[in-house]
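Each chain, written out:
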Amino acid sequence: MRAAESRLRVIAVGRENSGPEADLFARYAKRLNPVLGLVALADGVGNAAEIKRRESALILGKIGGGDLVVALDQGGAMPDSAGLAALFAGWRESGRAVAFVIGGAEGLDGSVLARAEARLSLGRLTLPHMLARVLLAEQLYRAQCILAGHPYHRAGRPSF
């Protein structure tokens, strides 16, 4: 399924590269139901404000009018895996296509944050955007497993 048709997708600034990060993203993306699509957008050019504006225009252009938008943002909620599963269940039950947006190096413009219905943080550490995609895909897969009662997630084990 092409990313543009997917009911569950990541819209991310940065090329879709080949390599171990792309392979890991693909591994978890195809395990999700529906499959997690990826829309990779070109990095903006110019000064920081111009980059943010251009990237945000590209992102907003890929979001459908009825999409439920979840912005990955350092100031967003930081649930544990069970908490993310509960959020994910609600997003899926909305019946709407869900678009997770990841900005470029300058972050997301206020226009994208204003369009988002939820903000999610992957933590306080700075991550390369390719790894953020992988981490998001894995955590969505984990959330799906938690909701299905699958043993992939072992709640009794210590987390890292």
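Here the structure is shown first, and the text comes after it.
No experiment lies behind these values; they were computed from the predicted model shown.

(A) How the structure looks around the packing of aromatic side chains. In total, this model carries two aromatic pairs according to the counting rule given. Measuring from centroid to centroid gives 5.7 Å for W91 and F100, while their planes differ by 70°, and the two rings are edge-to-face. The buried category is assigned to W91, whose relative accessible area is 8%. Accessibility expressed as a relative area gives 0% for F100, which makes it buried. One Lys or Arg, R31, reaches over the ring of Y141 and ends 5.3 Å from the middle of that ring.

(B) Broad picture of the nonpolar core. The biggest cluster of nonpolar side chains holds 28 residues, and the ones touching the most others in it are V10, F25, L36, V70, W91 and F100. Of all the secondary structure elements, the ones that give two or more residues to this core are strand 1 (8-13), helix 1 (20-31), strand 3 (68-77), helix 3 (81-93), strand 4 (98-102), strand 5 (118-120) and helix 5 (129-148). If you tally residues by element for this core, the top one is helix 5, at seven residues. Grouped together as the second largest cluster of nonpolar side chains are 14 residues, I63, A99, V101 and V112 included.

(C) Just the pairing of strand 1, in detail. Buried residues dominate strand 1, accounting for six of its six residues. Both faces of strand 1 are covered, namely the face carrying L8, V10 and A12 and the face carrying R9, I11 and V13. Here five bridges tie strand 1 to strand 4, and the two strands are oriented parallel to one another. Across the sheet, R9 pairs through a bridge with A99, a residue of strand 4. Note: strand 1 against strand 2 (residues 37-41), five bridges, orientation parallel. Paired with A12 across the two strands is A40, which belongs to strand 2. Taking the sense of rotation as the criterion, the β-α-β connection linking strand 1, helix 1 and strand 2 turns out right-handed.

Rules used throughout
- Residues numbered from 1 in each chain as written.
- Predicted model: local features only at pLDDT ≥ 70, side-chain atom pairs only at ≥ 80, totals over all residues.
- Heavy atoms only, no water.
- Phe/Tyr/Trp six-rings, centres within 6.5 Å; stacked < 30°, edge-to-face > 60°.
- Buried < 20%, exposed > 50% of the residue type's maximum accessible area, 1.4 Å probe, protein only.
- Lys NZ or Arg CZ within 6 Å of the ring centre and 35° of its normal.
- Core = buried A, V, L, I, M, F, W, Y, C linked by side-chain atoms within 4.5 Å.
- Helix = DSSP H or I, 4+ residues; strand = E, 2+ residues; numbered from the N terminus.
- Pairing = 2+ DSSP bridges.
- Right-handed = clockwise from strand over helix to strand, strands pointing away.

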